[in-house]
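Geometric and topological summary
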Amino acid sequence: MNNYLIEITGLTKVYGEDDAAVHALAGVDVQVERGEFVAIMGHSGSGKSTLMNIVGCLDHPTSGQYFLDGRDVSQMSKNELADVRNEKLGFIFQSFNLLPRLSALSNVMLPMLYNADDVSDEESEARAIASLTSVGLENRLHHRPNQLSGGQQQRVAIARALVNQPPLILADEPTGNLDSKSSVEIMDILHGLHKGGTTIVMVTHESDIAAHAGRIICVKDGKIISDGRDGSNHCLGLHQ
Amino acid sequence: MKFRKIFRTAWEGLMLNKVRSFLTTLGVIIGVASVIVMLAVSAGAEASIADQINALGANLIIVAPSRGIPGASKTLLLDDAYAIGKQVVGITGVSAEQAPPPQNIRAGGTTLEAIPLIGTTADFPDVRDYTVGEGRYFTADEDDRKAKLVVLGAGIATDLFGTESALGQTITVGTTKLTVIGVMAPKGLVADVDYDGRIYLPLNLIFQKYMPVSPLRADAVRTIYLKAESQDKIPSVISQVTALLAERHDVDPAKPDFTVQTQQDIIATQEATTAAFRDLLAWVAGVSLLVGGIGIMNIMLVSVTERTREIGLRQALGARQSNVLMQFLIEAIILSLVGGLVGVFIGVGGSYLFGSLGTMRTEIVPLSIPIAFGAAAVIGIFFGYYPATQAAKLDPIEALRRE
């Protein structure tokens, strides 16, 4: 097994057929090593969401190959993809996507419901508490989302993403709904995870947030137009 | 994903919206309860009809002129009853009856208008299991002599004489003075006939004094009742009576001008009527159960739409299509099973309640409980499946994007 966690070659995604065909992704090649913190930037319609969906195993590519953690996931069945998402991926969404009527603890326990091995109730609760503790919410276990601030809600979502200890965290505009103070908190947590060795791929359109990542990939018209480790500046042209 | 976890997830899903879950279940509760209650009501009605018919007397065989055959109503004669009594083996008594038009009766200052008169032979109390409460019934000899005697129904005795004894009193029936020799024990309504509101006279006296002048033979009777010695003698008695009367009436035994029936025959006829009634009730109840099922489907579809994001999230977290399908299917099944269970309790309780109110009799049909409960379970699966597949089919990307 090579050292790439994500290895994508010749990836295309076409919606519609013939004349009406829209090439959302028009041949993308990208590799992400284990332990990297990557930001993906691009306008809406650039194809970055499509790329993110395929990386997140929520969608099939039209053609091309995608190896995740050494396995070809591009041709997997829906059930296999569900298992891969459960095992290999942790999602962080812009809108948190917590179940409103469940406590923070129950929300964090959700992914373990779908684990292949039958985790006992005691163990899944212990793991969820550990995960919430790691994001500093050990005193908010039984709060419901509407009893928490936006930043706290996103931390619950991060705890949920971490609870199955996946090799890859996917964050889709993680600070998009947060004020600047909460944004800093969240980015600090992501930095902490990165330092701990977790691979993070984050979509954002805010260049100061993207600047937290060690590497920035810019997407435009379904193609990667730049891929660099020189901070966010090279992507600035995108916004002019 | 283990069943226990799916079940718990489904249960939590329902508990999140308790009022809605309860209202959804209500349709099934009402459906199941009404199946049980309606079957109990119709079974109760059948049982009370059977009881009434049995109350006519035990091991009773009823001979009556055929309806619908011209002239048949005058062919059954008192002499036929005597012949049966003499020649048929296996009976303990024969009672012929005739009912003339009602008469006004008078005792002292009291007049009762239009009281039904029944002329009977002496075996009447024995054959019809109708005991004399006070005094005695007239004898065969008194009947033959057209003795001017009368036995009162319990209600008539009270109406005429209050708490005073009626025995030995003289009453005027029509224009004839009769002596009261007995008062029947209270019997009440049997098959819509008020036995206590009638008076009983020797049949031959009825023929002489009270039958209107008509083409009817003066000694024609409307019914002859026979009491068989035992249940197993009944078939033999029926064939003897049929043969004897066919010979006496000079008719083909296959096409007689009279009918010979047992209580069982009458009960069977009544049951055919009530069966149609019962089937109708069962259909109505079944339809309400079906409507309950549609209610479940409706709410589950709403629930799937409302919880689209939740479904998308669960899929993103690793839920397979089958996990989502099972979650929603089990929600629907829980709704219908809980509804079924509560419905059974309410149905059984309601049946007892209706029965205890006294206006109608109910008898719970044991089979109706598993049938109603099973139907609820089937409805849960059937109507829960479609919404569950709608949930499982959702595309996680679309579902997560939904507001």
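None of these values were measured; they are calculated from a predicted model.

What counts, and at which threshold
- Residues numbered from 1 in each chain as written.
- Chains lettered and ligands numbered in written order.
- Predicted model: local features only at pLDDT ≥ 70, side-chain atom pairs only at ≥ 80, totals over all residues.
- Helix = DSSP H or I, 4+ residues; strand = E, 2+ residues; numbered from the N terminus.
- Rg over C-alpha atoms; globule rule 2.2 N^0.38 Å.
- Buried ≥ 20, exposed ≤ 12 C-beta atoms within 10 Å, placed from the backbone.
- Contact = placed C-beta atoms within 7 Å.
- Core = buried A, V, L, I, M, F, W, Y, C linked by C-beta atoms within 7 Å.
- Expected span 1.5 Å × (residues − 1).
- Bend = angle between axes of the 7 residues up to and from the residue.
- Axes fitted to C-alpha atoms, helices over the stretch in contact; angles between N-to-C directions.
- Parallel < 35°, antiparallel > 145°, perpendicular 65-115°, else oblique.
- Left-handed = near helix turned anticlockwise from the far one by under 90°.
- Nonpolar A, V, L, I, M, F, W, Y, C, P; charged D, E, K, R; others polar.
- Arc of directions from axis to C-beta.
- Pairing = 2+ DSSP bridges.
- Domains from an automatic or database assignment.

**Here we look at the overall build of chain A**
- Secondary structure summary: chain A contains seven helices and ten strands in total.
- Relative to the 2.2 N^0.38 estimate, which gives 18 Å for 240 residues, the radius of gyration of chain A is 18 Å and therefore close to what a compact globule would have.
- Taking the principal axes of the C-alpha coordinates as reference, chain A spans close to 50 × 40 × 35 Å.
- Across the 240 residues in chain A, those meeting the buried criterion constitute 47%.

**Some words on the interface of chain A and chain B**
- Chain A puts 18 residues into the contact, and the matching count from chain B is 19 residues.
- Those elements giving two or more residues to the side of chain A that touches chain B turn out to be helix H2 (78–88) and helix H3 (104–113) of chain A.
- For the side of chain A that touches chain B, the leading source of residues is H2(A), giving six residues.

**Section: the nonpolar core**
- Ile40(A), Leu170(A) and Val32(B) are the most contacted members of the largest nonpolar core, which has 122 residues in total.
- The greatest single-element share of this core, amounting to 13 residues, is contributed by helix H2 (residues 18–54) of chain B.
- Setting aside residues up to four positions removed in sequence, Ile40(A) forms contacts with Lys48(A), Leu51(A), Met52(A), Val201(A), Val203(A), Ile217(A) and Val219(A).

**Points about unusual backbone geometry**
- The phi torsion at Asp69(A) lies on the positive side, around 55 degrees, for a residue other than glycine.
- Counting through the fold element by element, Asp69(A) comes out in the loop between strand S4 (63–68) and strand S5 (71–72).
- Overall, Asp69(A) belongs to the partly exposed group, with 19 C-beta atoms counted inside 10 Å.
- In this structure, Asp129(B) takes a positive phi of about 50 degrees despite not being glycine.
- Topologically, Asp129(B) is positioned in the loop between helix H4 (124–127) and strand S6 (132–135).
- Given 15 C-beta atoms within 10 Å, Asp129(B) falls into the partly exposed group.

**Quick notes on helix H12 (residues 368–393) of chain B**
- With 26 residues, H12(B) should cover 38 Å at 1.5 Å per step; its first-to-last C-alpha distance of 37 Å lies within 8% of that length.
- For H12(B), the principal kink sits at Tyr385(B) and spans about 35 degrees; a proline, Pro387(B), occurs within the next four residues.

**A closer look at the packing of H2(B) against H12(B)**
All names here are of chain B.
- Where H2 contacts H12, the axes come no closer than 9 Å and their chain directions differ by 155 degrees. As the angle between them shows, H2 and H12 are arranged roughly antiparallel. In the crossing of H2 with H12, the sense of the turn from one axis to the other is right-handed. Every residue of H12 that contacts H2 at Val28, Val32, Val35, Ile36 and Leu39 is listed here: Ser368, Ile369, Ala372, Phe373, Ala376 and Ile379.
- In terms of residue class, the contact of H2 with H12 is built from ten nonpolar, one polar and no charged.

**Quick notes on the environment of Gln240(B)**
Residues and elements named next belong to chain B.
- Looking at the secondary structure, you find Gln240 in helix H8 (residues 234–249).
- The sequence separation of Gln240 and Gly90 amounts to 150 residues, and the corresponding C-alpha distance is 9.7 Å.
- If sequence neighbours within four positions are ignored, Gln240 has contacts with Val88 and Val89.

**Here's the deal with helix H3 (residues 78–87) of chain B**
Residues and elements named next belong to chain B.
- Every buried residue of H3 is listed here: Leu78, Asp80, Ala81 and Ile84. The buried residues of H3 occupy an angular sector of 160 degrees when the element is viewed end-on, so they sit on one face. Turned more than 90 degrees away from the buried face of H3 sit Asp79, Lys86 and Gln87, all of them exposed.
- Tucked inside the fold, the buried residues of H3 contact strand S2 (91–98), helix H7 (203–209), strand S13 (223–228) and H8.

**Looking at the sheet that holds S4(A)**
All names here are of chain A.
- One open sheet accounts for four strands, arranged S2-S1-S4-S5; its pairing is antiparallel. A single partner strand is all that each edge strand has here, and the edge strands are strand S2 (22–33) and S5.
- Judged from the two bridges that link them, S4 and S5 form a sheet pairing that is antiparallel. Paired with Leu68 across the two strands is Arg71, which belongs to S5.

**Points about the domain arrangement of chain B**
- According to the domain assignment, chain B contains domain 1 (3–52 + 269–401) and domain 2 (67–256).
- Here domain 1 of chain B and domain 2 of chain B have C-alpha centroids that lie 56 Å from each other.

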